[in-house]
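Examining the three-dimensional arrangement
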Amino acid sequence: MRSTTRYIALGFAGIMLAACGHKDKDAPLAYVPADTPYVMANLDTMDDSTRGALLAQADAQLPSQLAQLDAAADRLAAKDPEGARLLRALHAEFKGKTIETFAEGAGINLKGYSAFYGLGLAPVARFDLSDPAAFDAFVGRLETAYGKKLEVTSLDKQSYRRFTSAASGTQMILATVGKQAVAALLPGDASPALLRQALGLDRPQKSLQDDGRLATLAKAKGYQKWLVGQFDLTRALPLAVSGKDPLVNAIQKARAQAVSAKTGEPVATQLQTSPSCSADAARIAARVPTISFGYTQLDAKHQDARVDIALADDISQAFAGLKVALPGLGKAGSAPFDLSIALPIASMRGFWMAQADAVAAKPFTCASLTDLNDSFAKLGPAMQKAAIPPFGDMLGVRLALDSLSAGKDSAMPSFTGRLVLGTSNPEGLLAMGQMMVPALSQLKLGHDGTPQALPKDMVSMLGQPAWVAMSEKALALGVGAGEDSHLADTLKEPGGDAGQMTRMHISGAMYVSWLQLMEQKLDALAAATATLGKSDEPSIDDGSDATSAADELARSRAQFAAMKAQAERVDSIDAEMHVDKSGMVITSQTVLK
């Protein structure tokens with residue numbers, strides 16, 4: 001029996017070793033240090049059907065995206081002609097191509113792996129190539145369009161391109177390493193050790209591939225392996241303010257030199273950093289230690305995502321068990337636009353006053369963070385004022401729109417829908433409204449949700465009928481024909497579950513309506529600007545100013561056209577935010593047509 005057990009154990013160990021042996025030693029994650037402050041990577045590649053569906057969606061959006069690229073090039077043309085040529089050259093690379101054929105021509109492997117991460121705070125991107133020679137040729141074509149060749153240098157026989165910016169104290173490097181491309185933003189005087197690590201000539205002592213943290217995170221949060229990201233504030237924030245990160249130091253030194261050239265202030269004086277900065281930064285980061293994100297569903301019809309924001313225990317405990325009695329917060333929205341936001345002022349007031357007291361008891365001493373002391377000092381009195389009714393009684397607000405359309409030759413759009421104000425004292429809120437608007441004194445509301453019509457003089461201002469109703473925890477306003485029939489049911493809808501803070505729903509048609517309204521406002525603003533810009537005595541620059549304004553309007557319209565093209569493909573978007581014992585969770589579900 002003992003021998004059998006030993007053989008089983010040996011067999012299991014052999015399977016595990018074989019599995020470990022199948023890890024690709026050259027996968028992008030093998031180059032990412034386990035202690036990186038931030039990372040975004042794919043842990044697996046998409047199946048062909050999912051990739052094909054997403055590429056088809058991207059191809060449908062490509063024309064509008066390229067229009068925005070042209071608009072950006074036009075905007076750059078006067079100040080940065082080389083940059084404008086670069087953008088137009090990038091557009092030319094897509095001409096007559098799909099995303100897939102462009103990638104093939106540029107040597108980019110759409111079926112490969114990639115990672116975006118930090119060496120300290122210095123960003124590095126590493127991604128698989130299908131054809132390194134084609135990628136080099138692609139970069140060469142962009143260099144030709146830009147009008148300047150990047151400097152080519154090498155380190156231990158590994159060549160790389162480099163662009164150095166003295167003004168920012170940084171350098172951008174680009175290299176082809178085996179069958180991968182590497183791009184990084186590093187200090188202009190980066191040490192050989194940092195360069196070697198960025199290029200992958202030296203591996204980290206322990207990598208994220210060894211660590212397995214992203215895979216564990218994806219499993220715990222329900223992220224698909226196609227994209228997982230994490231931002232570690234406990235590592236990033238101390239690096240940013242302590243004077244210990246090479247990239248931050250290089251940027252700050254370049255700025256200090258520029259200031260010194262103008263004012264004479266010594267560079268060394270400007271770069272002084274208090275030893276307390278690391279401790280203060282760590283104290284702040286401990287309140288929000290990490291942020292992670294990933295897709296939870298991604299296919300031809302769905303784009304669902306989740307963001308997790310870890311919070312200190314006292315923050316989570318303050319809100320995780322809180323149930324906000326805002327009607328509608330506890331169920332998915334049914335109106336074309338439906339937004340519910342919990343604003344439990346009494347609970348929020350107590351929480352923020354505790355934070356203000358904590359900072360007052362132990363102020364920040366790092367020079368770059370002392371402004372927070374003043375902010376929290378002002379927060380305490382502000383929270384005391386927040387206790388004054390009716391604001392102090394607020395629980396939340398809900399806006400449900402059944403229709404929305406741009407008004408013709410009017411600043412006021414046409415809409416129908418309901419506004420719900422959650423409050424622990426609806427009678428007090430109504431009384432306040434009646435004091436401010438005496439006409440409302442005609443209303444005699446009970447807690448049964450029965451709607452009463454607004455007085456005629458107020459209705460005339462709205463241009464359509466309107467009603468008010470009340471329950472034990474809310475006041476509701478309905479605007480538009482037929483909205484009175486919805487008010488009673490709206491007030492009966494469930495409040496939020498424990499920790500629930502926000503819920504939103506928008507239909508694809510309503511999304512398009514919002515964009516059309518924004519576009520109308522843009523056109524009205526452009527017309528008003530053109531009218532104000534006219535003069536009886538035009539200057540010699542008027543022509544160029546008019547042309548610039550017209551170009552800017554054209555660019556804005558191109559952007560709206562791109563946004564509307566994307567919105568036309570949306571069936572609905574839903575989002576929800578809640579706090580649980582681990583922190584804040586934000587989810588979104590996008591359904592495509």
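Bear in mind that the values here come from a model prediction, so they are computed numbers and not experimental data.

As paired strands, strand β1 (residues 38–41) and strand β2 (residues 114–119) are joined by three bridges and run antiparallel to one another. The residue of β2 that forms the bridge with V39 is Y117. As defined by bridge partners, β2 adjoins strand β3 (residues 122–128) across six bridges and the pair is classed as antiparallel. When the bridges of β3 are listed, Y117 appears paired with V124. From the end of β2 to the start of β3, which pair antiparallel, there are two residues, and G120 there has a positive phi angle of about 65 degrees.

Here we come to the packing of helix α2 (residues 48–76) against helix α3 (residues 81–94). The interhelical angle for the contact between α2 and α3, taken along N-to-C directions, is 165 degrees, at an axis separation of 8 Å. The pairing of α2 with α3 is recorded here as roughly antiparallel in orientation. For the element pair α2 and α3, the recorded crossing hand is left-handed. Taken together, the residues of α3 that come into contact with α2 (itself represented by L62, L66, L69, D70, A72, A73, D74 and L76) are P81, G83, A84, L87, R88, L90, H91 and F94.

This brings us to the environment of V359. Topologically, V359 is positioned in helix α14 (residues 345–361). Its relative accessible area of 7% is what places V359 among the buried residues. Beyond its immediate sequence surroundings of up to four residues, V359 is in contact with R283, F364, N373 and F376.

On to a nonpolar patch on the surface. On the surface, F163, M172 and L185 cluster together into a nonpolar patch covering about 230 Å² of accessible area. Looking at the element boundaries, L185 is found in strand β7 (residues 180–187). Using a relative accessible area of 32% as the deciding quantity, one classes L185 as partly exposed.

Turning to the confidence of the model for the protein, a few remarks are in order. Summing up the model confidence of the protein, the mean pLDDT is 88 and the portion of residues at 70 or higher is 91%. Here residues 1–22 scores under 50 on pLDDT; set against residues more than four positions off or in separate chains, the count is zero contacts.

Core analysis: the biggest nonpolar cluster contains 31 residues, and Y117, I173, L186 and L214 have the highest contact counts within it. Secondary structure elements with two or more residues in this core: β1, β2, β3, β6 (170–177), β7, α6 (192–199) and α8 (213–221). Examining the composition of this core, we find that four residues originate from one element, α6, more than from any other. Listed in part, the 23 residues of the second largest apolar core include V324, A342, A469 and V579.

In total, this model carries nine aromatic pairs according to the counting rule given. With a centroid separation of 5.9 Å and an interplanar angle of 35 degrees, the aromatic rings of Y38 and F116 are classed as tilted. With a gap of 78 residues between them, Y38 in strand β1 and F116 in strand β2 connect regions that are remote in the sequence. Chaining the aromatic ring pairs together yields one cluster made of F94, F102, F127, F135 and F138. The residue whose ring lies beneath R126 is Y31, and the NZ or CZ to ring-centre distance is 3.8 Å.

Covalent bonding between the sulfur atoms of two cysteines is what defines a disulfide. Under the counting rule described, the total for this entry stands at one disulfide. Shown here is the disulfide that connects C277 with C366, its sulfur atoms set 2.0 Å apart. Every disulfide takes its handedness from the sign of the S-S torsion; for C277 and C366 that torsion is 85 degrees, giving right-handed. Here the residue C277 occupies a position in helix α12 (residues 276–285), and C366 occupies one in the loop between α14 and α15 (371–385), the gap between them amounting to 89 residues. Assessed through its relative accessible area of 3%, C277 is described here as buried. We classify C366 as buried; its relative accessible area is 0%.

Reading guide: rules and limits
- Residues numbered from 1 in each chain as written.
- Predicted model: local features only at pLDDT ≥ 70, side-chain atom pairs only at ≥ 80, totals over all residues.
- Heavy atoms only, no water.
- Pairing = 2+ DSSP bridges.
- Helix = DSSP H or I, 4+ residues; strand = E, 2+ residues; numbered from the N terminus.
- Axes fitted to C-alpha atoms, helices over the stretch in contact; angles between N-to-C directions.
- Parallel < 35°, antiparallel > 145°, perpendicular 65-115°, else oblique.
- Left-handed = near helix turned anticlockwise from the far one by under 90°.
- Contact = heavy atoms within 4.5 Å.
- Buried < 20%, exposed > 50% of the residue type's maximum accessible area, 1.4 Å probe, protein only.
- Patch = residues over 30% accessible without salt bridge, like charges linked within 9 Å, V, L, I, M, F, W, Y side chains within 5 Å.
- Areas by Shrake-Rupley, 256 points an atom, 1.4 Å probe, with all protein chains shown as cover.
- Salt bridge = Lys/Arg side-chain N within 4 Å of Asp/Glu carboxyl O.
- pLDDT = per-residue confidence, 0-100.
- Core = buried A, V, L, I, M, F, W, Y, C linked by side-chain atoms within 4.5 Å.
- Phe/Tyr/Trp six-rings, centres within 6.5 Å; stacked < 30°, edge-to-face > 60°.
- Lys NZ or Arg CZ within 6 Å of the ring centre and 35° of its normal.
- Disulfide = S-S within 2.5 Å.

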